[in-house]
Amino acid sequence: MNKLRFGCQTYPWKMGRHFGELPHILDVAEKAGFQSLEAEIDMLGKWFDDPAGTIELFESHQMTLAALVLHQDWAGQGQTEKERELSDRAIDFVSRFPSAKLVLSHHAGNSPRPSGEALLLRRENLIACMNEVAVRAAELGIVSGFHPNSAANSLFRTEEDYGEMFRLLEGTSIGWVPDVGHMVNGGFDALEMMKAHRDLIRHVHFKDRNGQGEWSVMGEGEIDYPSVIAWLRETDYRGWIMVEDENSAAFSDSDAVVMKDGAYMRQFSGS
């Protein structure tokens, strides 16, 4: 039975607006006991243009780049020239890091969620554009996965939405990056959804949530993470488990939030 691997996402530092502060972020993640980092492009700052320097920085901290997050609008039937340029740069960056994955993400910003045929078309365009990226990434041996979120205007938020998402993912090169907290926030059983689609899971995100519907530091919410971790271990999951904390305390003290997350996750380090 393999040992599970835990890392953290850069989002808490994004909340605290620590853009480009990769050396500091790695310092804290390492002290918190995490083995890897998943980074959003805007959080890398100048390091996104210096993959060789980034490799040296990760090696100096004995940390692994688990994944790079590529956020795009992807609203058209194909990628725009600007979207394709950023996608190509992201693929090139990830290709320098053995086993790193490409996490495809879409945030609607302030745009309202469409309905009816408009929603269907928006979803089809999003997945088609993502697949264009995933196919090109696969040519370099890079695994890609879609990370849906639970914002009110998300294209894939509820259990019904996920059914449509899995239909659209059929026949594509896109895997799934389940986020346990986002699924619970969407109103359905995250573990049951993961069990039903275990074959698509490429990468996993954790975030905790309390009974008031607010994001919590890991272990201070109501999600049964020991059961999720036990199931991942039982099914021989070999990817990374990334903690992506969105607790509001990160706005003022991102480091403290990550340190608390690491303290909670250490109980599973022997799993």
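Up top is the structure.
Residues numbered from 1 in each chain as written. Predicted model: local features only at pLDDT ≥ 70, side-chain atom pairs only at ≥ 80, totals over all residues. Heavy atoms only, no water.

Chemist: It is not clear to me how the side chain of Asp161 should be interpreted in this structure. Could you clarify?
Modeler: Mapped onto the elements of the fold, Asp161 is located in helix 7 (residues 159–169). Given a relative accessible area of 4%, Asp161 falls into the buried group. In terms of polar contacts, Asp161 uses its side chain to reach the side chain of Arg123, at 2.7 Å. When sequence neighbours within four positions are dropped, the list of residues in contact with Asp161 reads Arg113, Arg123, Leu155 and Phe156. (Helix = DSSP H or I, 4+ residues; strand = E, 2+ residues; numbered from the N terminus. Buried < 20%, exposed > 50% of the residue type's maximum accessible area, 1.4 Å probe, protein only. Polar contact = N/O pair within 3.5 Å; in protein donor to acceptor, adjacent residues only side chain to side chain. Contact = heavy atoms within 4.5 Å.)

Chemist: Is there a simple way to explain the side chain of Asp179 in this structure?
Modeler: The topology assignment puts Asp179 in the loop between strand 6 (175–176) and helix 8 (180–185). Exposure remark for Asp179: the relative accessible area of 0% places this residue in the buried category. A distance of 3.1 Å separates the side chain of Asp179 from the backbone nitrogen of Gly181, its partner in a polar contact. Residues in contact with Asp179, not counting those within four places in the same chain, are His147, Pro148, His205, Lys207 and Glu244.

Chemist: Help me understand the packing of aromatic side chains, please; the structure alone is not making it clear to me.
Modeler: Aromatic ring pairs: the centre-centre distance and the angle between the two ring planes describe each pair. Following the criterion strictly, the structure yields 10 aromatic pairs and no others. Seen from their ring centres, Phe146 and Phe156 are 5.8 Å apart, and the 75° between their planes marks the pair as edge-to-face. Of this pair, Phe146 sits in strand 5 (residues 144–147) while Phe156 is found in the loop between strand 5 and helix 7, placing the two residues 10 residues apart along the sequence. A relative accessible area of 2% places Phe146 in the buried class. Judged by relative accessible area, which is 1%, Phe156 ranks as buried. (Phe/Tyr/Trp six-rings, centres within 6.5 Å; stacked < 30°, edge-to-face > 60°.)

Chemist: Explain the pattern of salt bridges to me, please; I cannot follow it from the model alone.
Modeler: Pairing of side chains with opposite charge becomes possible as their charged atoms draw close. One pass over the structure, following the stated rule, counts 16 salt bridges. Close ionic contact of Arg96 with Asp92 constitutes a salt bridge, the shortest N to O distance being 3.0 Å. The exposure class assigned to Arg96 is partly exposed, which follows from its relative accessible area of 39%. Where Glu164 meets Arg167, a salt bridge forms, and the shortest distance between an N and an O atom there is 2.5 Å. Of this pair, Glu164 and Arg167 are both found in helix 7, three residues apart, which corresponds to roughly one turn of the helix. Residue class for Glu164 comes out buried when judged on its relative accessible area of 19%. Bridged by salt links that share partners, the residues Arg84, Asp88, Glu132 and Arg136 form one connected network. (Salt bridge = Lys/Arg side-chain N within 4 Å of Asp/Glu carboxyl O.)

Chemist: Can you help me understand the packing of helix 6 (residues 116–138) against helix 7 in this one?
Modeler: In helix packing, the relevant descriptors are the interaxial angle and the interaxial distance, both defined with respect to the helix axes. At a closest axis distance of 10 Å, the pairing of helix 6 and helix 7 adopts a crossing angle of 45°. Classed by the angle they form, the pair helix 6 and helix 7 counts as oblique. Seen from above, helix 6 lies across helix 7 with right-handed handedness. The segment helix 6 lies against helix 7, with Leu120, Arg123, Glu124 and Ile127 engaging Asp161, Glu164, Arg167, Leu168 and Leu169. For the contact of helix 6 with helix 7, the per-class residue count stands at four nonpolar, no polar and five charged. (Axes fitted to C-alpha atoms, helices over the stretch in contact; angles between N-to-C directions. Parallel < 35°, antiparallel > 145°, perpendicular 65-115°, else oblique. Left-handed = near helix turned anticlockwise from the far one by under 90°. Nonpolar A, V, L, I, M, F, W, Y, C, P; charged D, E, K, R; others polar.)

Chemist: Can you walk me through the sheet that holds strand 5 in this structure?
Modeler: Strand order across the open sheet formed by eight strands is 6-5-4-3-2-1-10-7, with parallel pairing between neighbours. Each edge of the sheet is formed by a strand with only one pairing partner; in this case those strands are strand 6 and strand 7 (204–206). Note: strand 1 (residues 5–9) against strand 10 (residues 240–243), four bridges, orientation parallel. Directly across from Arg5, in strand 10, lies its bridge partner Trp240. (Pairing = 2+ DSSP bridges.)

Chemist: Please clarify how the nonpolar core should be interpreted in this entry.
Modeler: As a rule of thumb, nonpolar side chains are buried together in soluble globular proteins. Core analysis: the largest hydrophobic core is formed by 77 residues, its most contacted members being Leu102, Trp176, Met194, Phe206 and Met265. The element best represented in this core is helix 6, accounting for eight residues. (Core = buried A, V, L, I, M, F, W, Y, C linked by side-chain atoms within 4.5 Å.)

Chemist: What should I look at first to understand helix 4 (residues 51–60) in this one?
Modeler: Given 3.6 residues to a turn, an α-helix orients residues that are three or four positions apart in the same direction. For helix 4, the complete set of buried residues consists of Pro51, Gly53, Thr54, Leu57 and Phe58. The buried residues of helix 4 occupy an angular sector of 155° when the element is viewed end-on, so they sit on one face. Among the exposed residues of helix 4, those pointing more than 90 degrees away from its buried face are Glu56, Glu59 and Ser60. Lining the buried residues of helix 4 we find helix 2 (22–31), strand 2 (36–40), strand 3 (64–71) and helix 5 (81–95). Two residues or fewer after helix 4 comes Gln62, characterised by a positive phi angle close to 55°. (Arc of directions from axis to C-beta.)

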